[in-house]
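Read off the chains here:
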Amino acid sequence: MELTKRVAGLTVLLIDMQYGFLGHSEDRKIIPHQIAILKFCKQTNTPTILIEYGAGFLGKTICPLLSIAEKIPAYRYVQKSQDCAFSAPMLEDLLKEFETSKILLMGVRADLCIYKTAQQAIMRGYEVLTSSNLISGYKFNEEKIIDWYQKNTTYRSEEACQ
């Protein structure tokens, strides 16, 4: 298969799509959209960083995503110890290695892990992109968090994507 040209400066972060985080059917609705993005990353060799929380008690990233991500030539794995993905020191090094200027966020716990990662990415000067089709998991202040994404990131709602 011939690779299509990479979107300049784009790196995809797939965060916390582990079995232990995917207890709600609402969270699973984003998986087909994430698969489509990962297939795009494979076709374009877009850097993709899979980020998992903790030392295994939440399980690994679900197989439908992991099996595609591992085939992306510019795939890397990072384990974080706190909610924010930037708690893993190697994340910043990988983003520099990939000459990243834009980060596309996908994953669960949009109100915590994705949110904190987005905040830190913006503070570090990255442009953050995401969509309601790519992130899920609002246990706290859903309306307030979605409003924050709309004001501070390039955010697409499900309605805008149709």
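Residues numbered from 1 in each chain as written. Predicted model: local features only at pLDDT ≥ 70, side-chain atom pairs only at ≥ 80, totals over all residues. Heavy atoms only, no water.

Quick look at the nonpolar core
Let me state the cut-off plainly: To form a nonpolar core, buried Ala, Val, Leu, Ile, Met, Phe, Trp, Tyr and Cys residues must be joined to one another through side-chain atoms within 4.5 Å. Burial classes: relative accessible area under 20% of the type maximum marks a residue as buried, over 50% as exposed, and values in between as partly exposed (1.4 Å probe, protein chains only). Helix and strand definitions here come from DSSP, where helices need a minimum of 4 consecutive H or I residues and strands a minimum of 2 consecutive E residues; each element is numbered from the N-terminal end. We call two residues in contact whenever any of their non-hydrogen atoms come within 4.5 Å of each other.
Membership of the largest hydrophobic core comes to 29 residues, with the highest contact counts inside it found for L13, I49 and Y149. The element contributing the most residues to this core is helix 5 (residues 113-123), with 5 residues. Other than its neighbours up to four places away in sequence, I49 contacts T11, V12, L13, L14, R76, V78, L91, L94, L95 and F98. The next biggest cluster of nonpolar side chains, apart from the first, holds 25 residues, and it includes F21, Y53, L129 and L134.

Some points on the packing of aromatic side chains
Aromatic ring pairs are defined here through the distance separating the ring centres and the angle between the ring planes. Stated precisely, the cut-off is as follows: Aromatic contacts are taken between Phe, Tyr and Trp rings whose centres are within 6.5 Å, Trp giving its six-membered ring; a plane angle under 30 degrees counts as stacked, one over 60 as edge-to-face, and the others as tilted.
This model, assessed by the stated rule, comprises 6 aromatic pairs. Judged by centre distance (6.5 Å) and plane angle (25 degrees), the ring pair of F86 and Y126 falls under stacked. You can see F86 sitting in the loop between strand 3 (75-80) and helix 4 (89-97) and its partner Y126 sitting in the loop between helix 5 and strand 5 (127-131), a full 40 residues away along the chain. Overall, the relative accessible area of 10% leaves F86 in the buried class. Aromatic side chains W148 and Y149 sit 5.5 Å apart centroid to centroid with 75 degrees between the ring planes, which places their arrangement in the edge-to-face category. Here Y149 falls in the buried class, since its relative accessible area comes to 0%.

With respect to the pattern of salt bridges
Definition in use: Counted as salt bridges are all cases of a side-chain nitrogen of Lys or Arg within 4 Å of a carboxyl oxygen of Asp or Glu.
The final tally for this structure, using the stated rule, is 7 salt bridges. With a closest N to O distance of 3.1 Å, K80 and D16 form a salt bridge. Remark: D16 occurs in the loop between strand 1 (10-15) and helix 1 (25-28) and K80 occurs in strand 3; sequence separation between them is 64 residues. Looking at K80, the relative accessible area reads 2%, which means it is buried. For D16, a relative accessible area of 0% translates into the label buried. The residue K116 makes a salt bridge to D83 at a minimum N-O spacing of 3.7 Å. A residue pair is termed long-range when its members are at least 10 positions apart, and K116 in helix 5 and D83 in the loop between strand 3 and helix 4 qualify at 33 residues.

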